[in-house]
Structures are given as C-alpha cells and as structure tokens.
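Examination of the molecular architecture
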Amino acid sequence: HRIIAAATMNLGILATIRGDFDEATVHYRNCLALYEQLKHAVSIARAYHNLGMCHLARQSWTEALDAFEKSLKISQARGDLRQSASTYVHKAAVYLELSDPTVAATYCAQAMDIFREVDYPLGIAETYKVLGRLFIRERDWATARSLLEESLQICRDYDNPLGVAEVYRELGNLQAAQNDTEAARRSLEAALEQFETLGTRHDVEITQSLLDNM
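Since this is a predicted model, take the numbers as computed values, not measurements. Going along each chain's sequence as written, the residues are numbered from 1 onward. Residues qualify for local features only when their pLDDT is at least 70, as the model is predicted, and side-chain atom pairs are given and counted only at 80 or more; totals for whole chains, interfaces and linings, by contrast, use all residues. For the side-chain quantities, the full set of heavy atoms in the structure was used; hydrogens and water were omitted.

**Focus: the packing of helix 9 (residues 161-177) against helix 10 (residues 181-198)**
Axis lines are fitted to C-alpha atoms, over the contacting stretch for helices. Their N-to-C directions set the angle, which ranges from 0 to 180 degrees. Here a strand is any run of E in DSSP of at least two residues, a helix any run of H or I of at least four, and the numbering for each starts at the N terminus. Between helix 9 and helix 10, whose axes approach to 8 Å, the crossing angle comes to 155°. As the angle between them shows, helix 9 and helix 10 are arranged roughly antiparallel. In this structure, helix 9 meets helix 10 at a crossing whose hand is left-handed. Across the interface between the two elements, P161, L162, A165, E166, Y168, R169, L171, G172, Q175 and A176 of helix 9 pack against A183, A184, S187, L188, A190, A191, Q194, F195 and L198 of helix 10. In this scheme, roughly parallel covers angles under 35 degrees and roughly antiparallel covers those over 145, while 65 to 115 is roughly perpendicular and the rest are oblique. Handedness of a crossing follows from how the near helix is turned relative to the far one, being left-handed for an anticlockwise turn of less than a right angle and right-handed for a clockwise one. Contacts between residues were defined by any pair of non-hydrogen atoms, one from each residue, lying within 4.5 Å.

Quick look at the structure:
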C-alpha cells in the first residue's frame, strides 16, 4: 500500500505540473485515503500540502487554505518544522491573493524564522519570492527587487530551475509595474523558456498570457 500511495502522490504532482488540476485532485485524495489507512502522518501532511498547492494554482482560495490548515495541524503536532514553514509561506501566498498583506507578511515572518532555524535556503528563497510579490503590490519597488534578486541567486546556487523561472516571472511583473517594458519582456521570456523546458504547462500559459498582454 505504501508503494501504491507514493506512486499515486507522484501522479498528482505530475498532473499539477501539467496543469491537469482535476486529475491531480483525484490522485491526491486517493493517496490521502491510502496514507490514512497506513496512519503515515508525515505523508498525510505532505499530501494535504500538495493538494493545497493544487488549489492555489487553480485559484480556489478557500479550498487551498483548508488543505494547508490540515497539513499544518499534522506537521505542527509532529514537530515537523520544515513542513510547517513551507505551509506558512504558501498560506501567505493565498492571503496575498485575498488582498490581505498584513496576514501574508505575518505568515512569511513565521516561515522565515523557521527556515533560518533549520537552515533551508530554498525555503528562504520561496519566502523572499512571496515577499517580493507583496512589495510589488505595495509599490515598494526597491524592496521588491532586492528580495527577488536574493531569491533568484539562492535558486541558482541550489540548482532549482523551477524557482529561477518563477522569480524571473515576478521580476517581469515588477518591471512591468514600473513601465520598463523591455526589461519586463526579457524577464518574462527567460521565465517562459525555463517553464517550457520543465514542461510546466500551466506556468507556460500564465507567462505567455503576461507577454501577450504587454
């Protein structure tokens, strides 16, 4: 059962990458049922987190928060700091979409404290990326750029091509907000090329749409 559950989880991840969110949701719910039979709390927390990420990508904010809360409750009970911090930063991303920057900043601060405590640079990079998005919305261009450039450097240093692509897209959004169209186009094209290489279809569609609307 554990092998089947792990395979089902991986199918959910692959479906999420492709942008097949209905399929991904089915896989995550199936692997949750299997892991609950096995009473494998670590994997249950991860499955709920991945389900939350799927809902986040499809902009289903209530469902995303519900899944993240379930993941967080389990990871906190087990003292799993890294999983808890990862959930905090993605809850922050949801609240940013819900136009609640204060709550988003609070969750980012909680995530950052833990990522630094457990020494997880890629988690720090993810938090910087979300904070960069927050400061773009606040029109604090200098802070947003500093955070995104730091995030980009960490993603490069730790060979995280998806993270690199995501940060380039945020840099493109920053530059577009500053009316620097040429720089924005270059950043978005760099993001698009990386997303296409990785086969992340949903990200390709989003980034292409940003380019088309410039």
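That covers the picture; the talk isn't over yet.
**Section: helix 2 (residues 21-38)**
In an α-helix, one turn spans 3.6 residues, which is why side chains three or four residues apart end up on the same side. Expected span of a helix: the number of residues minus one, times 1.5 Å. A rise of 1.5 Å per residue sets the reference length of helix 2, with its 18 residues, at 26 Å; its end C-alpha atoms lie 25 Å apart and thus fit the reference within 8%. For helix 2, the set of buried residues is F21, A24, T25, H27, Y28, C31, L32, L34 and Y35. Where helix 2 is buried, its residues meet helix 1 (2-18), helix 3 (41-57) and helix 11 (201-212). Once helix 2 ends, the next one or two residues include K39, with phi positive near 55°. Throughout, exposure labels follow a simple rule: accessible area from a 1.4 Å probe, protein chains only, divided by the maximum for the residue type, with under 20% read as buried, over 50% as exposed, and the rest as partly exposed.

**Here we look at the side chain of T200**
Residue placement: T200 occurs in the loop between helix 10 and helix 11. Dropping the residues within four chain positions of it, T200 is found in contact with I17, L162 and F195.

**Focus on a nonpolar patch on the surface**
A patch consists of residues whose relative accessible area exceeds 30% and which take part in no salt bridge; residues with like charges are grouped when within 9 Å of each other, and nonpolar side chains (Val, Leu, Ile, Met, Phe, Trp, Tyr) when within 5 Å. Methods summary: accessible areas were calculated by the Shrake-Rupley approach with a probe of 1.4 Å, and residue burial reflects only the protein chains presented. The working definition used for a salt bridge is a side-chain nitrogen of Lys or Arg within 4 Å of a carboxyl oxygen of Asp or Glu. Nonpolar side chains collect at one region of the surface, where L11, L14 and I17 lie side by side and expose about 240 Å² of accessible area between them. The topology assignment puts L11 in helix 1.

**Regarding the packing of helix 5 (residues 81-97) against helix 6 (residues 101-118)**
Running from N to C, helix 5 and helix 6 cross one another at 155°; their axes reach a closest spacing of 8 Å. In terms of orientation, helix 5 and helix 6 fall into the roughly antiparallel class. Helix-helix and strand crossings are classified by hand; for helix 5 and helix 6 the assignment is left-handed. Along the contact surface, helix 5 presents L81, R82, A85, S86, Y88, V89, K91, A92, Y95 and L96, while helix 6 presents V103, A104, Y107, C108, Q110, A111, I114, F115, E117 and V118. When its residues are assigned to classes, the contact of helix 5 with helix 6 shows 15 nonpolar, two polar and three charged. Gly counts as polar in this scheme, as do all residues outside two lists: the nonpolar Ala, Val, Leu, Ile, Met, Phe, Trp, Tyr, Cys and Pro, and the charged Asp, Glu, Lys and Arg.

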